[in-house]
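Understanding the architecture of this molecule
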Amino acid sequence: MNYWLVKSEPFKYSWDDFVKEGKSVWDGVRNYQARNNMKAMKKGDWVFFYHSNEGVEVVGLAEISKEFYQDPTTEDDRWVVVELIPIKKLAKTVTLKSMKSDERLSNLALIKQSRLSVTPVLKAEFDIILSLAE
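This one's a predicted model, so the numbers in the text were calculated from it and none came from an experiment. (Residues numbered from 1 in each chain as written. Predicted model: local features only at pLDDT ≥ 70, side-chain atom pairs only at ≥ 80, totals over all residues. Heavy atoms only, no water.)

**Brief notes about helix H2 (residues 32–40)**
This is how the line gets drawn: With a 1.4 Å probe rolled over the protein chains alone, any residue whose accessible area is under 20% of its type maximum counts as buried; one over 50% counts as exposed, and the rest are partly exposed. Numbered from the N terminus, helices here are DSSP runs of H or I no shorter than four residues, and strands are runs of E no shorter than two. Along the arc lie the directions from the helix axis toward the C-beta atoms. In this description, contact between two residues means that some pair of their heavy atoms is separated by no more than 4.5 Å. Nitrogen and oxygen atoms within 3.5 Å of one another constitute a polar contact, given that in protein one can donate a hydrogen and the other can accept it, and given that sequence-neighbouring residues count only through two side-chain atoms.
Taken as a whole, H2 has its buried residues at Ala 34, Arg 35, Asn 37 and Met 38. One side of H2 holds all its buried residues, which, seen down the axis, span an arc of 160°. Close packing links the buried residues of H2 with strand S1 (3–8), strand S2 (24–26), strand S4 (57–70), strand S5 (80–95) and strand S6 (118–121). Its side-chain oxygen at 2.9 Å from the backbone nitrogen of Gln 33, Asn 31 defines the N-terminal cap of H2.

Quick look at the structure:
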């Protein structure tokens, strides 16, 4: 299993929107590195759902329910989507500030590549973030 983090601006698409829909097609990604990360996602991988710009925090846990395929919002075959389903809202959100202040997360891709919308998360980092949410 691999672990990931996806970002969404809550005023555009929030965790609550995601839960209400019950699943999401993660579309509109137009960065090659983020696209490559999506191509590496496998069904069953776990994904942190992160609110960017507002809140700036990990708010929930999702799962990859369908691996990558052509992004239906464009005819350009360079871009792909994955499908996600919500698993659970975190008991306590984990802010970017708290992750930055935790030395164990100093190499977290979210911190190192802050503008990237889809990032990998190491198993150890994933476990630390989950523990911060308890």
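**A few points about the side chain of Asp 45**
Defined as follows: For the charge count, each Lys or Arg is scored as positive and each Asp or Glu as negative, with His and the chain ends excluded. What makes a salt bridge here is a side-chain nitrogen of Lys or Arg within 4 Å of a carboxyl oxygen of Asp or Glu, nothing more.
Topologically, Asp 45 is positioned in the loop between H2 and strand S3 (46–51). No salt bridge is formed by the buried Asp 45; its nearest oppositely charged neighbour, Lys 42, is found at 7.5 Å. Excluding residues that lie within four positions of it along the chain, Asp 45 makes contacts with Met 1, Asn 2, Trp 4, Ala 40, Ala 62, Glu 63 and Ile 64.

**Notes on the sheet that holds S5**
Here is the rule we go by: By the convention used here, strands pair only if DSSP detects at least 2 bridges between them. For helices, the fitted line uses only the C-alpha atoms of the stretch in contact; every axis is such a line through C-alpha atoms, and the angle between N-to-C directions lies from 0 to 180 degrees.
One open sheet accounts for six strands, arranged S2-S5-S4-S3-S1-S6; its pairing is mixed. Two strands lie at the open edges of the sheet, namely S2 and S6, each paired on one side alone. Neighbour-to-neighbour, the strand axes of this sheet turn through a mean angle of 40°, independent of strand direction. Where S4 lies against S5, ten bridges are found, and the strand directions are antiparallel. Of the residues in S5, the one forming a bridge with Leu 61 is Lys 88.

**Observations regarding the packing of aromatic side chains**
Rules: Working definition: rings of Phe, Tyr and Trp (its six-membered ring) pair if their centres are within 6.5 Å, and the pair is stacked with planes under 30 degrees apart, edge-to-face with planes over 60 apart, and tilted otherwise.
Applying the stated rule across the entire model yields eleven aromatic pairs. Look at Phe 18 and Phe 49: their rings are 5.3 Å apart centre to centre, the planes differ by 15°, and that puts the pair in the stacked class. Of this pair, Phe 18 sits in helix H1 (residues 15–21) while Phe 49 sits in strand S3, and the two are 31 residues apart along the sequence. An angle of 45° between the planes, with centres 5.9 Å apart, marks the rings of Trp 46 and Phe 126 as tilted.

**Here we look at the pattern of salt bridges**
The tally for this structure, following the rule as stated, stands at five salt bridges. When the shortest N-O distance is used, the salt bridge between Asp 127 and Lys 123 registers 2.8 Å. Of this pair, Asp 127 and Lys 123 are both found in helix H5 (residues 123–132), four residues apart, which corresponds to roughly one turn of the helix.

**With respect to H5**
Burial in H5 covers these residues: Glu 125, Phe 126, Ile 128 and Ile 129. Burial along H5 is one-sided: seen end-on, the buried residues are contained in an arc of 165°. Where H5 is buried, its residues touch S1, S3, S4, S5, helix H3 (96–101) and S6.

**A look at the nonpolar core**
Basically, it comes down to this: We call a set of buried residues a nonpolar core when its members are Ala, Val, Leu, Ile, Met, Phe, Trp, Tyr or Cys and they connect through side-chain atoms within 4.5 Å of each other.
Counting 20 residues, the largest nonpolar core has Trp 26, Met 41, Phe 49 and Val 118 as the members making the most contacts within it. The set of elements that each furnish at least two residues to this core consists of S1, H1, H2, S3, S4 and S5. Look past the residues within four positions of Phe 49 in its chain and what remains in contact with it is Val 6, Ser 8, Tyr 13, Ser 14, Trp 15, Phe 18, Trp 26, Glu 57, Val 58, Val 59 and Gly 60. Of all hydrophobic cores here, the second largest spans 18 residues; its members include Leu 96, Leu 105, Ile 129 and Ala 133.

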